[in-house]
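This is what each chain is made of:
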Amino acid sequence: MDYPLILGGLEVRTLEKLEILSPYDNSLIGKVSIATDEIIDHALENVRISFDDTRDLSAIHREHILNKAKDLLHERSEEFSRTITQEMGKTIQESRGEVSRALETLKLSAALLREPLGEVIPFDSAPNATDKWGFYKRFPSGPVLAITPFNFPLNLAMHKIGPAIAAGNPIILKPASKTSITGILLGKLLIDAGYPRKAINVLPGPGGIIGDRLVSDDRIKVVTFTGSAEVGKAIVKKAGLKHIAMELGSNSAVIVMSDSDILHAANRIIKGAMALAGQVCISVQRVYAELPIYEKLVELLTLAAKNIKLGDPLNEQTEMGPMISEADAKRTDGLIQEAVSLGAEITTGGKHNGTLFQPTVLINVPQHAKIIQTEAFAPIVVINKISDLNEGIALVNDSKFGLQAGIFTRDINSAHTAFKKIDVGGVIINDVPTFRADIMPYGGIKDSGLGREGPRYAIEHMTYIKVCAIHNSDYE
Ligand code: NAP
């Protein structure tokens, strides 16, 4: 099928196409029009002009649009789920989970319209302002450029689009090339939901080319990016004076203490490490287990990894689908080879057939190995020994990333120490760092990013504060 791009709410076809291939069997899923220079300029004009329309929509109107988008997504949920699975390769069950999450994100975005976006300032408490009263209110910042990754093509776009609509901003979405069809379906959904047409632009194309042009243009006022640290840092350099939000990568870790419920820990860790074939920004990559339970945990995780059913992601019985590309499977192979050359042992997995990578467990991996220090983004989990909590915290913190971390323990003091001392944006107690609810503030520190998502927090970088101070001579 030949998919158009979306320019100012209109379906437009161009001559140059992106071929979207299945990561499972390399079959052609569809062709998507690539945005030309002229189209990019047109989209930038659309968002500049349509800001006058979107900023004037009343809160109740924006709430209706978000609720309508939610109803339409509910109706189209199976179409979205199948498209995500075909393009991205996650299992159909995982795609249905993503669609449910996107519905929740829309619900949370709509709910923001019932909340006060400002507060009264007690001016008369300031010695030079006893004759004033006033307040501040948030106003939409202007056109939002949303750049999204391949792994959650719907919900991570919704975490930008939902708050942008709630704020009253026009949108340009630049979806990941490999999952552009989902981006187009999302653009059509927004048109049908009734957001002003010119304010809806979905521009597929190679990030290094079209992304560069969009990021540096002054008509864009907000850049909200989710993707790798490498690309995120390059965008920050080019963006100039704009509101910026960066949701970047990680090599997330979890500590397992000997007082924890080890069966629960193993059950959660295997899911956290292998969901989406490990291609989740908060995938469990590193496990630091206390000595008394170390052998048992390795045994449980090895067995669980061996039992995962790998295969066609559209098959309802499949538990793990392919990686996004064969190049990524080969990159993963390289990480494993390096770890083994440094003395690591593979307890299960380690091989791949094309993009299908066996769930892999590694032990005794030196802390300086690349499989520990860089983001693996693959179905791999490393389990290393620790002698106590302090050693575990030091190893978790020995990372350039800081997105989320987890700890399994029954001891409230250990949980509290981990919360206080681990340098990340979220500490998950008795569950894996892979846990995320769309309502919570989500994001990282260090190379994992800037700012927080979750509609209530994302709206802060899509709006600016304007103060109103009113002189009243009666107060004198
Ligand atoms: P990526 O390679 O960084 O690409 C992300 C997006 O940026 C894509 O749309 C890409 O377009 C675009 N892009 C590439 N170069 C660009 C440039 N110079 N200027 C502007 N845009 C550019 O990431 P990915 O491989 O799609 O996704 C995996 C990464 O995302 C991992 O590092 C993962 O941890 C991270 N991630 C983070 C979160 C979070 O919430 N913290 C969530 C999910 C994923 P093309 O596709 O055309 O290259």
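Details of the structure are given in the entry above.
Residues numbered from 1 in each chain as written. Predicted model: local features only at pLDDT ≥ 70, side-chain atom pairs only at ≥ 80, totals over all residues. Heavy atoms only, no water.

Chemist: How would you summarise the overall build of the protein if you had to cite specific residues and measurements?
Modeler: Broken down by element type, the protein carries 15 helices and 25 strands. Taking 476 residues into account, the globule formula puts the C-alpha radius of gyration at 23 Å, and the protein, at 24 Å, falls close to it. Principal axes of the C-alpha set define a box for the protein whose edges measure 75 × 65 × 40 Å. Residue burial in the protein is summarised as follows: out of 476 residues, 57% are buried. Considering only residue pairs separated by 6 or more positions, the protein has 72% of its internal contacts joining residues 24 or more positions apart. Across the protein, the centroid of the 51 positively charged side chains sits 2 Å from that of the 57 negatively charged ones. (Helix = DSSP H or I, 4+ residues; strand = E, 2+ residues; numbered from the N terminus. Rg over C-alpha atoms; globule rule 2.2 N^0.38 Å. Buried < 20%, exposed > 50% of the residue type's maximum accessible area, 1.4 Å probe, protein only. Contact = heavy atoms within 4.5 Å. Lys, Arg positive; Asp, Glu negative; His and termini not counted. Charge placed at Lys NZ, Arg CZ, Asp CG, Glu CD.)

Chemist: Can you tell me about the nonpolar core, naming the residues and giving the values?
Modeler: Ranked by internal contacts, the top residues of the largest apolar core, which has 63 residues, are L73, L154, I161, I165, L186 and Y195. A domain split of this core shows at least three residues from each of domain 1 (2-248 + 448-467) and domain 2 (253-429). Apart from the residues lying within four places of it in its own chain, the contact partners of L73 are F80, V99, A102, L103, L106, L154, M158 and L189. Within the second largest apolar cluster, 59 residues are counted, among which are A266, A277, I380 and I393. (Core = buried A, V, L, I, M, F, W, Y, C linked by side-chain atoms within 4.5 Å. Domains from an automatic or database assignment.)

Chemist: Could you give me a rundown of the pairing of strand β7 (residues 132-140), with the residues and numbers involved?
Modeler: Each regular strand carries side chains that alternate between the two faces of the sheet. As paired strands, strand β6 (residues 118-121) and β7 are joined by four bridges and run antiparallel to one another. Each residue of the ladder has a partner; that of E119, found in β7, is Y136. By the bridge criterion, nine bridges tie β7 to strand β25 (residues 463-471) in an arrangement that is antiparallel. Note that in β25 the partner of G134 across the bridge is A469. (Pairing = 2+ DSSP bridges.)

Chemist: Can you break down empty space enclosed by the protein residue by residue, with the values?
Modeler: Counted under the stated rule, the structure contains two cavities of 30 Å³ or more. Approximately 60 Å³ is the volume attributed to the largest cavity. Lining the largest cavity are 16 residues, with R286, V396, F401, G402 and V424 positioned closest to its centre. Breaking the lining of the largest cavity down by element, the ones donating at least two residues are α13 (389-397), β20 (401-402) and β21 (404-408). Per-class residue counts for the lining of the largest cavity are seven nonpolar, seven polar and two charged. Considered as a void within the structure, the second largest cavity measures approximately 30 Å³ in volume. Here the residues of the lining of the second largest cavity are counted per class, giving four nonpolar, five polar and one charged. (1 Å grid on protein atoms, 1.4 Å probe; cavity = no way out; pocket = protein on both sides within 12 Å on 5 of 7 lines; lining within 4 Å. Points joined across faces, edges and corners; volume = space filled by probe spheres on them. Nonpolar A, V, L, I, M, F, W, Y, C, P; charged D, E, K, R; others polar.)

Chemist: Which residues make up the sheet that holds strand β4 (residues 17-21), and what values do they have?
Modeler: Spatial ordering of the open sheet is given by β1-β5-β4, a layout of three strands whose pairing is mixed. Across the chains shown, the open sheet's two edge strands, defined by having one partner strand only, are β1 (2-3) and β4. Bridge analysis of β1 against strand β5 (residues 28-33) gives two bridges, and the strand direction is parallel. In the sheet register, D2 faces β5, and the bridge partner there is K31. Sheet contacts for helix α6 (residues 180-193): β1, β4 and β5; angle to β5, the most-contacted strand, approximately 60 degrees. (Axes fitted to C-alpha atoms, helices over the stretch in contact; angles between N-to-C directions.)

Chemist: Describe the site of the ligand, and please don't skip the residues or the numbers.
Modeler: Near the ligand, the surroundings consist of 31 residues, among which T148, S177, S228, L248 and E375 are the closest. Within the backbone of L248, a nitrogen or oxygen atom sits 2.7 Å from a nitrogen atom of the ligand. Protein burial of the ligand: of its 910 Å² of free accessible surface, 86% is covered by the chains. Elements with a minimum of two residues in the shell around the ligand: α7 (207-216), β11 (222-226) and α8 (229-239). Partitioning the shell around the ligand into residue classes produces 15 nonpolar, eleven polar and five charged. (Near = heavy atom within 4 Å. Polar contact = N/O pair within 3.5 Å; in protein donor to acceptor, adjacent residues only side chain to side chain. Areas by Shrake-Rupley, 256 points an atom, 1.4 Å probe, with all protein chains shown as cover.)

Chemist: Please give an account of a nonpolar patch on the surface that cites residues and values.
Modeler: A cluster of nonpolar side chains, contributed by V120, W133 and F135, occupies part of the molecular surface with about 300 Å² of accessible area. Mapping W133 onto the fold places it in strand β7. (Patch = residues over 30% accessible without salt bridge, like charges linked within 9 Å, V, L, I, M, F, W, Y side chains within 5 Å. Salt bridge = Lys/Arg side-chain N within 4 Å of Asp/Glu carboxyl O.)

Chemist: An account of the sheet that holds β6 is requested, with residue identities and associated values reported.
Modeler: Ordered in space as β6-β7-β25, the three strands form an open sheet in which the pairing is antiparallel. Looking along the sheet, the strands with just one partner apiece sit at the ends: β6 and β25. Sheet twist, expressed as the average angle between the axes of neighbouring strands with direction ignored, equals 20 degrees.

Chemist: Summarise the layout of surface pockets; cite the residues concerned and give the values.
Modeler: Reported here for the second largest pocket is a volume of approximately 330 Å³. Forming the boundary of the second largest pocket are 18 residues, of which R62, L117, K137, R138 and P140 lie nearest the centre. At four residues, the largest contribution of residues to the lining of the second largest pocket is made by β7. Here the lining of the second largest pocket is built from residues that sort into ten nonpolar, two polar and six charged.

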